[in-house]
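Inside the fold
Chain by chain, the residues run as shown.
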Amino acid sequence: MRNSTSTEGTAQETSSKVCAVPAPALPQIPDPQHVAPADARRLSKLLLLRLESLEEGTQEYQYVRNTLIEMNLTLVRYVARRFSSRRESMEDVLQVGTIGLIKAIDRYDPSRDVEFTTLAVPYIQGEIKRFFRDTTWSVRVPRRLQELRIDLARAREELEAEGSHEPSVAELAEHLGIPEEEVAEGLVACNGYDSDSIDRPIQAGGGGGGKQQTGLVADLVGTEDPALALAEDIQALKPHLAKLGDRDRTLLQMRFGAEMTQSEIGEELGLSQMHVSRLLTRVCAKLREGLLA
């Protein structure tokens, strides 16, 4: 009985001693953003293992997580350079890529024994691609057409490599194995990807080899011509004028053709100015009713 009690007490003491063993101290990294790549990989592995054992929300957890983010920003810059040809601000691309890095850190599982970069790079790249897909189109189009634009661009490059002409809709449809109607829809949707200011200057090559401004894009944009609407109204009015009597047509010709006053028309036709006014009002009302019918 005594031996059992003694053994139990010894086990409790041993257990308490094991539990009391402190966790290894965290490595102090004064400047995480300037750590060498080899050191960053080694330290990231240690910090990710430590992050797994820490309670979220604690000060130590935040320190480890923030250090991992700062130390792996070089991965974000590495992936972002692939998209440097885009017109978007590189600062925006880096911010979006950092979101992908944070997601990779939060979802990394050390037990799978996979390099952190193997998970982080696809996360960063996917977040940047999603950013371009959702925000860079000037006109919002369905995702199906956004993806079709990429397929059309690739198909055009492949067909142009085979010949020197611009591929037709039929050739693009045959190359991609889709209907021509879908290709036409995709080509129209491509116009919604880029937009430009109508105040942008137009430049053309000059005689000395330089470029000279020849005007603005706004100069090429058509506007509504009031004379065209007047011509349409005249053509629509002709059949109604033909139905009028001789006196009514004479009144209209004198008033609107010769631009005579009502008093002058009255003197010419032997009518009072009031009578001429009533006749013109009736004729105009009749023509207006015919045009609006």
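Up top you'll find the structure we're talking about.
First things first, this report covers the structure right here in the doc.

Analysis parameters
Residues numbered from 1 in each chain as written. Predicted model: local features only at pLDDT ≥ 70, side-chain atom pairs only at ≥ 80, totals over all residues. Heavy atoms only, no water. Salt bridge = Lys/Arg side-chain N within 4 Å of Asp/Glu carboxyl O. Helix = DSSP H or I, 4+ residues; strand = E, 2+ residues; numbered from the N terminus. Buried < 20%, exposed > 50% of the residue type's maximum accessible area, 1.4 Å probe, protein only. Core = buried A, V, L, I, M, F, W, Y, C linked by side-chain atoms within 4.5 Å. Contact = heavy atoms within 4.5 Å.

Considering the pattern of salt bridges
For side chains of opposite charge, pairing can occur when their charged atoms come near one another. The full count for this structure, using the stated rule, is 11 salt bridges. With a shortest N-O distance of 3.8 Å, D39 and R42 are connected by a salt bridge. Separated by three residues within a single helix, D39 and R42 lie in helix 2 (residues 37-53), roughly one turn from each other. By relative accessible area, which is 34% here, D39 ends up partly exposed. Taking the relative accessible area as the measure of exposure, R42 reaches 48% and is therefore partly exposed. R130 is paired through a salt bridge with E127; the nearest N and O atoms lie 3.0 Å apart. With R130 and E127 both in helix 6 (residues 116-135) and three residues apart, this pair spans about one turn of that helix. Owing to a relative accessible area of 35%, R130 belongs among the partly exposed residues under this scheme. Here the salt bridges share partners, and the residues they tie into one network are K103, E127 and R130.

Side note on the environment of H34
Secondary-structure assignment places H34 in the loop between helix 1 (2-19) and helix 2. Exposure remark for H34: the relative accessible area of 65% places this residue in the exposed category. A sequence separation of 38 residues divides H34 from N72, and the C-alpha atoms of the two residues are 9.7 Å apart.

What about unusual backbone geometry?
For D113, which is not a glycine, the phi torsion comes out positive at approximately 55°. As for its position among the elements, D113 is in the loop between helix 5 (90-107) and helix 6. Using a relative accessible area of 66% as the deciding quantity, one classes D113 as exposed. In this model, E259 sits at a positive phi of 55°, which is unusual for a non-glycine residue. Position of E259 among the secondary structure elements: in the loop between helix 11 (246-257) and helix 12 (262-269). On the accessibility criterion, E259 (65% relative accessible area) is exposed.

Section: the nonpolar core
Ranked by internal contacts, the top residues of the largest apolar core, which has 32 residues, are L68, M71, L101, I105, F116, I124 and I128. Residue assignment for this core shows that the elements contributing at least two residues are helix 2, helix 3 (59-71), helix 4 (73-80), helix 5 and helix 6. With seven residues, the single largest contributor to this core is helix 6. Those residues in contact with L101 that lie beyond four places of it in its chain are I69, N72, L73, V76, F116, A120 and I124. Counting residues in hydrophobic clusters, the runner-up holds 11 residues, among them M254, V276, L280 and L287.

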